[in-house]
Amino acid sequence: MKKRKKIEIKYIILIVLLVIAIFLGFATKIVHDERPLNPIEKAIKDSVLFVQKIVASPVNGIKNMMKENQEKKDLYNKYKELEEKVKKVNILESEKAELKLELESMKKTLELNKTLSEAEYLNATVINRDIGFWYDTITIDKGSKNGVKENMPVIVSEGLIGKVIKTSNFNSTVKLMTTTDSSNKISIKIALEDKYIYGLLSGYNPENKTYIVEGISDNSTIPIGSIVTTTGMGDTFPSGIIVGKVKNITTDNFDLAKIIEVESEVNFEALDFVTILKRK
Amino acid sequence: MSIIIPVAIISFLLDSILSNLINTNSMLLPLCTIVSLIIIYPYFNKNDISYLKWIAIIGLLYDIAYTDTFLLNCFLFTILALMVKGLNFFLSNNLLNTLIMTAILIISYRILTYIILLIIGYLDWNGMLLLKSIYSSLILNLIYATLIFLITDLISRRHKIRKAE
């Protein structure tokens, strides 16, 4: 009797281990970002988020009203600030026209196709933010029916925030740049006075809230505060999207290569509205 | 069912609504759906199979609607449901025990998710992040557990809805 019980326990342990192994293997497939949603998942996701959007609309209305009231308090200061800016607009307009002509001729010469000016902008509202905590994603209310496709860049006025990784018919999931996922590498350039220095944005440091840039191709001195933008190399991000500003420069353990910390001005913790860059 | 369905739906939707109102880096991360697993258990009156089925469906919806994973939370929620069943065997149904169970479940959920994501190579080891995920999820969910326990208890007393003690 005892022997039989022992054998039974052995079988149970074996089955449990087998189930865990199969589950982990399965989890590897399902958790990673490359997995597209199947039609049933898309339908369920859209339906649930539609209900959620309706339920959340009064709450969001109150939130927006409070935000508006707060903004109204600063209205006079903002008006003065804008008045100053308007004075400079005419000069900037003529400069822009000049630069646009220059850019067109340069693009023809270099056969460049991927610049920011060739993207269409699609505004979207954030429905929920990183509920799973570990995934560094947000869900937005525009999907494949609005022309959103996977890998499209997503920005806010302060700069790049991430890219679309999954789309259903009326919603999309955006992977944020704050992910610690090491496969998330972006080619960037740092603007100096007379040239650009190229590097690779290789990760995010959640403690300092900065991006880490490695592979700097130049020995030039990089001033703190230099603007970092995307290069347009690779398929995802067009050239010229602001990533952030240089915050700190260190060297690696062998004192050979520079490691640059880049600080973004985006408040990733409170994203409400975003813009998707659609390719024309 | 008159308590189970509203609590499950409200908690599920609250997770999403609150995530949009509260900063993601704050100390108030919502996990209302997990709180609801504890609150609804007594209303199944020891019908464990029905309870586990419900939780698996809630987990699956959570997967599809919120985390874009498939069956991961379904599996985790079912484990948590088994834990609720086990804890209810030792602890009677009152507010203090509900709060203790809420804390245990949140800690277990965070640790289990982290271990799975670590094993499959989705995350790198960062003990501080795990700790942060736990302590920043406790406050809001303990408050929610208190409120929802008191409300459901009041409703069940008023309408004489049977629940396991």
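Residues numbered from 1 in each chain as written. Chains lettered and ligands numbered in written order. Predicted model: local features only at pLDDT ≥ 70, side-chain atom pairs only at ≥ 80, totals over all residues. Heavy atoms only, no water.

A. Local environment of the overall build of chain B. A tally of helices and strands in chain B yields 6 helices and 0 strands. Going residue by residue from the N terminus, the α and β elements of chain B occur as α-α-α-α-α-α. Radius of gyration (C-alpha) of chain B: 15 Å, near the 15 Å computed for a compact globule of 165 residues. Based on the C-alpha atoms only, the size of chain B along its principal axes is roughly 50 × 30 × 30 Å. Per-residue burial for chain B yields a buried fraction of 53% across its 165 residues. Excluding contacts between residues fewer than 6 apart, the proportion of contacts in chain B whose partners are at least 24 apart in sequence is 68%. (Helix = DSSP H or I, 4+ residues; strand = E, 2+ residues; numbered from the N terminus. Rg over C-alpha atoms; globule rule 2.2 N^0.38 Å. Buried < 20%, exposed > 50% of the residue type's maximum accessible area, 1.4 Å probe, protein only. Contact = heavy atoms within 4.5 Å.)

B. Fine view of the overall build of chain A. The helix and strand inventory of chain A stands at 3 helices and 12 strands. A buried classification covers 39% of the 280 residues belonging to chain A. Intrachain contacts of chain A at a sequence separation of at least 6 include 59% that bridge at least 24 residues. Accessible surface, chain A: about 17,300 Å² in total, of which carbon and sulfur atoms supply 59%. (Areas by Shrake-Rupley, 256 points an atom, 1.4 Å probe, with all protein chains shown as cover.)

C. Main features of the pairing of strand 4 (residues 159-167) of chain A. All names here are of chain A. With 8 of 9 residues buried, strand 4 is to be regarded as a mostly interior element. Bridge count between strand 3 (residues 153-156) and strand 4: 4 bridges; the pairing is antiparallel. Considered in strand 4, the bridge of Val154 is made with Gly162. Across 5 bridges, strand 4 lies against strand 5 (residues 172-176) in antiparallel orientation. Counted as the bridge partner of Thr167 is Ser172 from strand 5. Taken together, strand 4 and the strand that follows it, strand 5, pair antiparallel across an intervening segment of 4 residues. (Pairing = 2+ DSSP bridges.)

D. Main features of the interface of chain B and chain A. Facing 40 residues of chain B, the contacting portion of chain A comprises 44 residues. It is Asn20(B), Asp68(B) and Tyr122(B) that lose the most area in chain B upon contact with chain A, and together they represent 20% of the buried surface on that side. Lys45(A) is the partner of Asp68(B) in a salt bridge, and the nearest nitrogen-oxygen pair spans 2.8 Å. Put simply, chain B and chain A have 11 residue pairs in polar contact (both at pLDDT 80 or more) between them. When residues in the side of chain B that touches chain A are grouped by element, the largest group, 8 residues, is from helix 1 (residues 4-21) of chain B. Taken together, the residues that form the side of chain B that touches chain A break down as 24 nonpolar, 12 polar and 4 charged. (Buried area = accessible area lost by both parts, 1.4 Å probe. Salt bridge = Lys/Arg side-chain N within 4 Å of Asp/Glu carboxyl O. Polar contact = N/O pair within 3.5 Å; in protein donor to acceptor, adjacent residues only side chain to side chain. Nonpolar A, V, L, I, M, F, W, Y, C, P; charged D, E, K, R; others polar.)

E. The arrangement of the packing of aromatic side chains in detail. On inspection of all chains with the given rule, the structure shows 14 aromatic pairs over all chains. Ring geometry for Phe89(B) against Phe90(B): centres 5.4 Å apart, planes inclined by 85 degrees, an arrangement best described as edge-to-face. A connected cluster of aromatic rings, assembled from ring pairs, spans Phe12(B), Tyr62(B), Tyr66(B), Phe77(B) and Tyr109(B). If you follow Lys189(A) out to its NZ or CZ, it ends over the ring of Tyr196(A), 4.5 Å from the centre. (Phe/Tyr/Trp six-rings, centres within 6.5 Å; stacked < 30°, edge-to-face > 60°. Lys NZ or Arg CZ within 6 Å of the ring centre and 35° of its normal.)

F. Seen up close, the pattern of salt bridges. In the structure shown here, the tally under the stated rule is 11 salt bridges over all chains. Note that Glu265(A) and Lys245(A) form a salt bridge whose closest N and O atoms lie 3.3 Å from each other. Here Glu265(A), found in the loop between strand 11 (258-263) and strand 12 (273-279), pairs with Lys245(A), found in strand 10 (residues 242-251); they are 20 residues apart in sequence, far enough to count as distant. Exposure remark for Glu265(A): the relative accessible area of 51% places this residue in the exposed category. Taking the shortest distance from any N to any O, the salt bridge between Asp48(B) and Lys85(B) comes out at 3.6 Å. In this pair, Asp48(B) sits in helix 3 (residues 48-67) while Lys85(B) sits in helix 4 (residues 72-90), placing the two residues 37 residues apart along the sequence.

G. Broad picture of the sheet that holds strand 3 of chain A. All names here are of chain A. Ordered by their spatial adjacency, 6 strands build a closed barrel running 1-2-5-4-3-12, and the pairing between neighbours is antiparallel. Strand-to-strand twist of the sheet, defined as the mean angle between neighbouring strand axes without regard to direction, takes the value 45 degrees. The strands that helix 2 (residues 39-73) touches are strand 1 (119-129), strand 2 (137-140), strand 4 and strand 5; relative to strand 1, the one it contacts most, it runs at about 80 degrees. (Axes fitted to C-alpha atoms, helices over the stretch in contact; angles between N-to-C directions.)

H. Layout of helix 2 (residues 32-40) of chain B. Residues and elements named next belong to chain B. Of all 9 residues that make up helix 2, 9 are buried, and the element is covered over most of its length. Cys32, Thr33, Ile34, Val35, Ser36, Leu37, Ile38, Ile39 and Ile40 are the residues of helix 2 that are buried. Looking at the buried residues of helix 2, the elements they touch are helix 1, helix 3, helix 4, helix 5 (95-119) and helix 6 (127-158).

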